[in-house]
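Listed below, chain by chain, are the residues.
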Amino acid sequence: MAGSVVYGQLARRLKMPLRCAGNFSTSKLPDGQAMSQALMSLMSAVQCGANYLLHSAGFVDGLLSMSYEKFVMDTDLCKALHSYLNGMQLNEDTLGFDALAEQGPGEHLFSTAHTMRQYKTAYYDSALDDNQPWETWDEQGEIDMAARANIR
């Protein structure tokens, strides 16, 4: 993973395109290990400025196996990274000064008008879909990520 950063620096210096392996995991299952390794390898490819990412979704067991559940989970991760690459906007609305003015320093801002306007879209959440109502995990049946991926 650190090699990607070095290759990225070299490619930028030589003004050449860079292809990186996007998602590498030694886990045998679509589990926490698989997703943490996926995040680390995809993030290093994104941070090094790769122009093309190969093998970005579905692979487990050192790229020897493919998992449909991991594929779905990885596509959600790729969507989150696209959101990350868009950066953040800094303006009066995103800074939330009106929320501070409404509640004041030292108070929680959960019930402010600003929070109520922003809470569904402020952060990336792969569990949210435009066609799904906003529900808590227990209201959605307490289904873990791999099981939700299998259903999808």
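Remember, predicted model here, so these are calculated numbers, not experimental data. (Residues numbered from 1 in each chain as written. Predicted model: local features only at pLDDT ≥ 70, side-chain atom pairs only at ≥ 80, totals over all residues. Heavy atoms only, no water.)

Draft legend 1. Molecular detail of the environment of Asn91. Tracing the backbone shows Asn91 in the loop between helix H3 (68-85) and helix H4 (92-95). On the basis of relative accessibility, which here comes to 30%, the residue Asn91 falls in the partly exposed class. Counting along the chain gives 55 residues from Asn91 to Ser36, while the straight-line C-alpha distance between them is 33 Å. (Helix = DSSP H or I, 4+ residues; strand = E, 2+ residues; numbered from the N terminus. Buried < 20%, exposed > 50% of the residue type's maximum accessible area, 1.4 Å probe, protein only.)

Draft legend 2. The arrangement of the packing of helix H2 (residues 32-47) against H3 in detail. At their nearest, the axes of H2 and H3 sit 11 Å apart, and the two run at 35° to each other. Our pair here, H2 against H3, has a crossing hand that is right-handed. Touching Ala34, Met35, Ala38, Leu39, Leu42, Met43, Val46 and Gln47 of H2 are Lys70, Met73, Asp74, Leu77, Cys78, Leu81, Tyr84 and Leu85, all from H3. Split into classes, the residues belonging to the contact of H2 with H3 amount to 13 nonpolar, 1 polar and 2 charged. (Axes fitted to C-alpha atoms, helices over the stretch in contact; angles between N-to-C directions. Left-handed = near helix turned anticlockwise from the far one by under 90°. Contact = heavy atoms within 4.5 Å. Nonpolar A, V, L, I, M, F, W, Y, C, P; charged D, E, K, R; others polar.)

Draft legend 3. Local environment of the state of the cysteines. Taken as a whole and assessed by the stated rule, the structure comprises 0 disulfides. Here Cys20 is not cross-linked by a disulfide; its sulfur's nearest cysteine counterpart is in Cys48, at 3.7 Å. Residue Cys20 is classed as buried on the basis of its relative accessible area of 4%. (Disulfide = S-S within 2.5 Å.)

Draft legend 4. Examining a nonpolar patch on the surface more closely. Taken together, the side chains of Met88, Leu90, Leu95, Phe97 and Leu100 present a nonpolar region at the surface, about 580 Å² in accessible area. In this fold, Leu90 is placed in the loop between H3 and H4. Residue Leu90 is classed as exposed on the basis of its relative accessible area, which comes to 64%. (Patch = residues over 30% accessible without salt bridge, like charges linked within 9 Å, V, L, I, M, F, W, Y side chains within 5 Å. Areas by Shrake-Rupley, 256 points an atom, 1.4 Å probe, with all protein chains shown as cover. Salt bridge = Lys/Arg side-chain N within 4 Å of Asp/Glu carboxyl O.)

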